[in-house]
Amino acid sequence: MDDSVIRNNEMDQLACMRIFVRVVEHGAFVRAADNLNMSRASVTTAVAQLEQHLGVRLLNRTTRRLGLTEEGRAFYQDCVRILGEIAEAEDNLSSVRAQPRGRLRVSVAQSFVHLAFFSKLAQFMASYPDLSVDVITTDRLVNLVEEGIDCALRSGRVPADADLVARKLTSVRWLTCAAPSYLAGRTAPQSIADLSQHDCIQFVSPSTRRGCDWQFDDNGKPVAFTPQGRLRLTSLDATISAATAGLGVAYVPEPLVHDAILGGQLLPFLTEHAVEALPLVLVYPGNRYLPAKVRAFAEFFEKAYPREGSWPTVVSAAEKPAAKTAGAQ
């Protein structure tokens, strides 16, 4: 945005509304100015002229922070809606809707990259050659607006935050699995109770250092199993690596071990007792207008993974070697 939108006390109201929204989103005039490639003075002037035009104070300014007034909060919500409708109307009349372009910033949970993510991302980027993608890989719950991130792939429920929208991508189950090297010379578990005879790799909370029971379904009845073993880890990634190395039985969300199961490095069992984990969701800011690049990303990844039941074909095929291992003992 150019500084020339503000000149001689004459105000381009839409431009000032956009500036005001960006100031609110970034929580500071300086950060908003940097984002808009404008001077701080021009940003401050735009908001001041907007307040003068409306006859109300929109922001409470202190030396440390900015805060919305009651009128400012209502006006901000109206601005987001109006600007979104304008952008949507422009989008509908342009080729941008059909062919997204620009830069898409996506936050991806560490665990999600195990879900054949990059191979799918390659297909997505090949479909949209005018689109660049920044992938921020972190398990931290990022603030999309403040950090300038377009959307996030997370494991979880629909957020309580009314300003966010979550689209479910796929269901996930908890699986018990072990490496062929671990099962060699052992009888693979045939029941939940059989797990007590095995070295169970325990995942413990990094913050509380406490382990969790493994949850199963036994003909519709919930069953909890307390794992016992010599190895405790504070990372699900490390748990999978340990299981792949033959150190014991792991209990992990299905997406994390999808590739290892498909490649035969891990063998699942007790899948008939598997229970659902939190689903994988795509989260984005909940203003009415959804940018073409986010829309394209959401629609692509909704089709990329099976929505319900996760990976029944892969698990079913992978169980056959495990059954042989058990029968050979």
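Caption draft 1: Representation of the overall build of the protein chain within the structure. Within the protein chain, the secondary structure is distributed over 10 helices and 16 strands. For the protein chain, the proportion of contacts with a sequence separation of at least 24, taken over those separated by at least 6, is 76%.

Caption draft 2: Spatial organisation of the packing of helix 1 (residues 13-26) against helix 2 (residues 29-36). Two elements in contact, helix 1 and helix 2, have axes separated by 8 Å at closest approach and are oriented at 120 degrees. When the axis of helix 1 is compared with that of helix 2, the two are oblique. With respect to the hand of their crossing, helix 1 and helix 2 are arranged in right-handed fashion. Of the residues in helix 2, those touching helix 1 at Ile-19, Arg-22, Val-23 and His-26 are Phe-29, Arg-31, Ala-32, Asn-35 and Leu-36. Here the contact of helix 1 with helix 2 is composed, by residue class, of 5 nonpolar, 2 polar and 2 charged.

Caption draft 3: Just unusual backbone geometry, in detail. At Asn-37, a residue that is not glycine, the phi angle is positive and equals roughly 60 degrees. Of note, Asn-37 is situated in the loop between helix 2 and helix 3 (40-54). Although it is not a glycine, Leu-270 sits at a positive phi angle of roughly 60 degrees. In this structure, Leu-270 sits in the loop between strand 15 (267-269) and strand 16 (280-285).

Caption draft 4: Spatial organisation of the packing of helix 5 (residues 117-127) against helix 9 (residues 292-304). Viewed as axis vectors pointing N to C, helix 5 and helix 9 meet at an angle of 130 degrees, and their least axial separation amounts to 11 Å. By the angle between their directions, the pair helix 5 and helix 9 is classed as oblique. Note on packing geometry: the crossing formed by helix 5 with helix 9 is right-handed. On helix 9, the residues touching Phe-117, Lys-120, Leu-121, Gln-123 and Phe-124 of helix 5 are Ala-296, Phe-297, Phe-300, Phe-301 and Ala-304. A per-class count over the contact of helix 5 with helix 9 returns 8 nonpolar, 1 polar and 1 charged.

Caption draft 5: Broad picture of the pattern of salt bridges. A full pass over the atoms with the stated rule returns 8 salt bridges. Between Arg-61 and Glu-51 there is a salt bridge; the shortest N-O distance is 3.0 Å. Here the residue Arg-61 occupies a position in strand 3 (residues 59-61), and Glu-51 occupies one in helix 3, the gap between them amounting to 10 residues. Exposure remark for Glu-51: the relative accessible area of 12% places this residue in the buried category. Across the pair Arg-167 and Glu-302 runs a salt bridge whose closest N-O atoms are separated by 2.8 Å. Placement of the pair is Arg-167 in strand 8 (residues 164-170) and Glu-302 in helix 9, with a sequence separation of 135 residues. Since its relative accessible area comes to 19%, Arg-167 is described here as buried. Counted as one network, the salt bridges with shared partners bring together Arg-103, Arg-105 and Asp-134.

Caption draft 6: How the structure looks around the sheet that holds strand 15. Strand order across the open sheet formed by 3 strands is 14-9-15, with antiparallel pairing between neighbours. Edge positions in the sheet fall to strand 14 (250-253) and strand 15, since each of these pairs with one other strand and no more. Adjacent strand axes in the sheet meet at a mean angle of 50 degrees, parallel and antiparallel pairs treated alike. Note that strand 9 (residues 174-178) and strand 14 share 4 bridges and pair antiparallel. Paired with Trp-174 across the strands is Pro-253, a residue of strand 14.

Conventions used here
- Residues numbered from 1 in each chain as written.
- Predicted model: local features only at pLDDT ≥ 70, side-chain atom pairs only at ≥ 80, totals over all residues.
- Heavy atoms only, no water.
- Helix = DSSP H or I, 4+ residues; strand = E, 2+ residues; numbered from the N terminus.
- Contact = heavy atoms within 4.5 Å.
- Axes fitted to C-alpha atoms, helices over the stretch in contact; angles between N-to-C directions.
- Parallel < 35°, antiparallel > 145°, perpendicular 65-115°, else oblique.
- Left-handed = near helix turned anticlockwise from the far one by under 90°.
- Nonpolar A, V, L, I, M, F, W, Y, C, P; charged D, E, K, R; others polar.
- Salt bridge = Lys/Arg side-chain N within 4 Å of Asp/Glu carboxyl O.
- Buried < 20%, exposed > 50% of the residue type's maximum accessible area, 1.4 Å probe, protein only.
- Pairing = 2+ DSSP bridges.

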